[in-house]
Amino acid sequence: MDYNRIFSHIYCENEAFNYTLANQIIEKMRGAKLIGIDHYKDVFNRTGQNFHVQKNSQKLILAVKKDSFFYEGSGLCHGIDGYRPLYASQVLNCIYDCEYCYLQGTYPSSNIVIFVNTHDFLNAVNDELAKGPVHLAISYDSDLFALENLHGLSKHWIDFSRGKDNLLIEIRTKNKNYEAISSLLPADSFLLSWTILPDTIIQKYENGTSSLEARLKSVKMAIADGWQVRLCIDPVIYTDEWKQIYKNFLQAVFEYIDKDKLHDVTLGAFRMPSDYFKRSRKSRLDSEILSYPYEVVNGICKYPSKLEHELINYIKDMAGITLNTI
Amino acid sequence: MIFLVMALYCEAEPLIRHFDMKRTKGKTNMPLFSNEKICLIISGTGMIRSSCATAYALSKKGYSKNDSLINLGICGSVNKKSMYEIAVCSKIKNHDSGKVFYPEMLLKHDFSEGSLESFSRPVDNPEGIKADFVDMEAAGFIECAQMFLPLQNIHCLKVVSDNLEGQKLEKEYVFSLINENLNKICSYLEKANMLSRINNDVITSCDYNLIKKISSSNHFTKSMYFQLLNLARYYKIKHNNLDILNSVIDCRCKNKLQSKQLFQKIKRLLEGMEIGLQ
Ligand code: SF4
C-alpha cells in the first residue's frame, strides 16, 4: 500500500501558531503540508477513524492545552514512596506500535498531538508542588523521548526539575536516543526509565522500538554520566518458552548493567483496564496478546492469577535482586 | 465496491464508458450506473443533492465497511491553478453552516492538495475566499458519507475547471476535464479501493460461519459465542488454521447441560497447552 510518510501533514490550531514550539516544529518539518484548524479535537476526535490504519501514516497535531495539565497517577503504575503520583500528557500517542499498548484502546486516533504551551504545564506542576512531594510521569501517553529531536520537551522538563527537592520527574522510553540529552548535566530530580523486555518479545510484539542492546547501551551511558536510571521489566508477556527467554534476558541484562548503580528495577505482568482492553482487542483482530483469554479482576484485565504469579516469581528469582512489583 | 458520487452526467460519462457501467432502474431522478465493482450516482448540483445521492446509492446497492466512497467532480480554483489539474481535498468547509470536515490523508498521490469550500450558489469572484478550491457538493457529500463508512474509505477528488471568472462551462469541456485525466483517476480509485479493503481479522468469513454454526447448533449463549470466537482467534494466530474444530462440527446438544459440557470441551481444545495454565 502506498502511504504518505509519517507527519506528511501537520494540523495546527490557529492559536498554536503563536507559540515558539509550534513554529520550531513546523520549521523542522518543512516538507509537511500545513493545515490550520480551530481545535485539535476537530481532527483528533473525528468519528470513523481507524487507529491501526492511521499508524501507517501518522499525522502531527499541534495544539494548546487549556486545562487538566496533569492527572492523578493510576494504581496500575509503579510509584515512589512518599510522593504523590501524577502524570502529565503533553504528547498524546506514540510513533511506535506495540501490540500490547493501551493507547489503542484509549484514543480514537493514532495521530500524535503535541501541546505546545509548555509553560502552562510547568506552572500547573509548580502549583501542585506547593501541596507536597510529587512523582510526575511525563511520558505516560507517549514515548516522549522517541520524538525528542522534534520537540525537545525532555530538556525543558529536565531544566524545570533542577533544584526541586520535592519533585521527581520520570520519563519512560523504549528508545536508544540518550544522545539527545547526553550533553545536559544530570538532574537529581529526574529519573530516566528504560522499559526492557527480551529481544524475542520486542521483535514479535513491538513495532519500531529500539533493540534491547541499543536500549541497554543508552542505559549504561546514562548511568556513567551520573543520571538516576530505572529499568522497567514491564509488561511481562507470556509466550512459548517463556522461562528460557526471560532467563537468558535477565542474565544478559545484569551481566551488562551494574545493578547497584540503578535507582531501581520495576516488574509487572501485562495488565490493562478492561474497557481499554475491549477496545484494543476489537481494533486489533490479529493480535496474539490481545486474544489471550485473560481474567478480569476489579475492572482490570490480567493473566490468570496462577500464571501471573508464576511469571512474576520466576523473574524475581532469576533476577537475583529486589524488584519493585505492583 | 467503489461508490462514486458525481454531480453531472457530462462529468460521469467518461467513467461510465470506461467501466462499462449499466444504468439501474430506480424511482429517483438521480441516475445510478453500476457494474459488479463500481456504482456511480449522478446527484445533480448542490450539497443537499450530493448528500441524498450518497445515502441513496449506499442503501440501494447495499454497502459494507470495506467499500470506498468517492466524490469526484469539477471545482473552481481560488489561487489560479491550471485547468485540468487534479486536487485531493484535505479540508472541506460547508460555507453555509460553517462546518468543517477533514478527510483522511493517508494515500500518497501525485495530485495537488488543498482546502475546499462548498457553496450553495455558483461563485464568480474569488475575493474573500480562504479555501484553495470551491465547489457546490463536497461538504454535503462528506457529511453524509461519514455517517456510513470509516473515514479512510472516503475521498474527495476534484478537477480544476475554472478560476472563478464566472464563465459558463460547456458540457464538452467538462467531459474532457475528466476524460483527459481518466487514467490518473482510475489509478487513484484503485488505491482507494485497496485502502478500504484492509482488514486485520485473522478469522475469515468461513471461520465465522463455522463458529456460528457450532454455536447455534448447540444453543450457545451470545457470551459463549464471543468467548469461542476469541479463543478461536488465539488458536488461529498460533496454528494458522481451525482444523481442530472439525471434531465438534457435527455435535448437536439437546439440553443446557450438554451445551455447557461441549463448550468446556471446545474451550479445552482451543486453549490446549497454549495459555500457560497446565
Ligand atoms: S512505546 Fe509505549 S506508548 Fe509507544 S506504542 Fe509502545 S507501549 Fe505504546
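Small disclaimer: the values here were computed from a predicted structure and weren't measured.

Points about the overall build of chain A
Per the secondary structure count, chain A includes 12 helices and 16 strands. In terms of overall dimensions, chain A is globule-like: its C-alpha atoms have a radius of gyration of 20 Å, near the 20 Å expected for 326 residues. Summarising its shape, the C-alpha atoms of chain A cover approximately 55 × 45 × 35 Å along the three principal directions. Among the 326 residues that make up chain A, the fraction classed as buried is 60%. At a minimum sequence separation of 6, the contacts of chain A that also span at least 24 residues come to 76%. When the accessible surface of chain A is totalled, it reaches about 13200 Å², and 47% of it is carbon and sulfur. One finds the centroid of the 36 positive side-chain charges in chain A at a distance of 3 Å from the centroid of its 40 negative side-chain charges.

Remarks on the interface of chain A and chain B
Chain A puts 39 residues into the contact, and the matching count from chain B is 33 residues. Here chain A packs against chain B, burying approximately 3100 Å² in sum over the two surfaces, 55% of which is carbon and sulfur. Remark: the boundary between chain A and chain B carries five salt bridges. For A:K33, the salt bridge goes to B:E113, with nearest N and O atoms at 3.7 Å. Every element with two or more residues in the side of chain A that touches chain B is listed here: β1 (9-13), β2 (33-37), α2 (41-44), α3 (51-54), α10 (274-283), α11 (288-291) and α12 (305-319) of chain A. A total of four residues in the side of chain A that touches chain B trace back to one element, the largest contributor, which is β2(A).

Comments concerning the domain arrangement of chain B
As far as domains go, chain B holds domain 1 (2-196) and domain 2 (205-270). When each unit is reduced to the centre of its C-alpha atoms, the spacing between domain 1 of chain B and domain 2 of chain B is 46 Å.

Points about the environment of B:F226
Residue placement: B:F226 occurs in helix α7 (residues 222-239). As a C-alpha pair, B:F226 and B:K212 span 14 residues in sequence and 9.8 Å in three-dimensional space.

Describing the packing of aromatic side chains
The full count for this structure, using the stated rule, is 31 aromatic pairs over all chains. Seen from their ring centres, A:F145 and A:W194 are 6.4 Å apart, and the 85° between their planes marks the pair as edge-to-face. Of this pair, A:F145 sits in the loop between β8 (134-137) and α5 (148-151) while A:W194 is found in strand β10 (residues 190-195), placing the two residues 49 residues apart along the sequence. We note that A:F145, like A:W194, is buried. Pairwise contacts between aromatic rings join A:Y238, A:F270, A:F277, A:Y292, A:Y294, A:Y303 and B:Y234 into one cluster. Just above the ring of A:F160 sits the side chain of A:K164; from NZ or CZ to the centre is 4.1 Å. Here the basic side chain of A:K220 rests over the ring of A:Y256, its NZ or CZ set 4.0 Å away from the ring centre.

Observations regarding the nonpolar core
Residues A:W157, A:W227 and B:L15 are the most contacted members of the largest nonpolar core, which totals 148 residues. The element best represented in this core is helix α5 (residues 182-196) of chain B, accounting for seven residues. Filtering out sequence-adjacent residues up to four positions away, A:W157 remains in contact with A:Q90, A:F121, A:L122, A:V125, A:L136, A:I138, A:I169 and A:F190. Core analysis: the next-biggest nonpolar cluster, separate from the first, contains 28 residues, B:M30, B:L32, B:L116 and B:C156 among them.

As for the site of the ligand
Neighbouring the ligand are A:C94, A:Y96, A:D97, A:C98, A:Y100, A:C101, A:L103 and A:K174. Here the shell around the ligand is composed, by residue class, of six nonpolar, no polar and two charged.

So, how was this worked out
- Residues numbered from 1 in each chain as written.
- Chains lettered and ligands numbered in written order.
- Predicted model: local features only at pLDDT ≥ 70, side-chain atom pairs only at ≥ 80, totals over all residues.
- Heavy atoms only, no water.
- Helix = DSSP H or I, 4+ residues; strand = E, 2+ residues; numbered from the N terminus.
- Rg over C-alpha atoms; globule rule 2.2 N^0.38 Å.
- Buried < 20%, exposed > 50% of the residue type's maximum accessible area, 1.4 Å probe, protein only.
- Contact = heavy atoms within 4.5 Å.
- Areas by Shrake-Rupley, 256 points an atom, 1.4 Å probe, with all protein chains shown as cover.
- Lys, Arg positive; Asp, Glu negative; His and termini not counted.
- Charge placed at Lys NZ, Arg CZ, Asp CG, Glu CD.
- Buried area = accessible area lost by both parts, 1.4 Å probe.
- Salt bridge = Lys/Arg side-chain N within 4 Å of Asp/Glu carboxyl O.
- Domains from an automatic or database assignment.
- Phe/Tyr/Trp six-rings, centres within 6.5 Å; stacked < 30°, edge-to-face > 60°.
- Lys NZ or Arg CZ within 6 Å of the ring centre and 35° of its normal.
- Core = buried A, V, L, I, M, F, W, Y, C linked by side-chain atoms within 4.5 Å.
- Near = heavy atom within 4 Å.
- Nonpolar A, V, L, I, M, F, W, Y, C, P; charged D, E, K, R; others polar.

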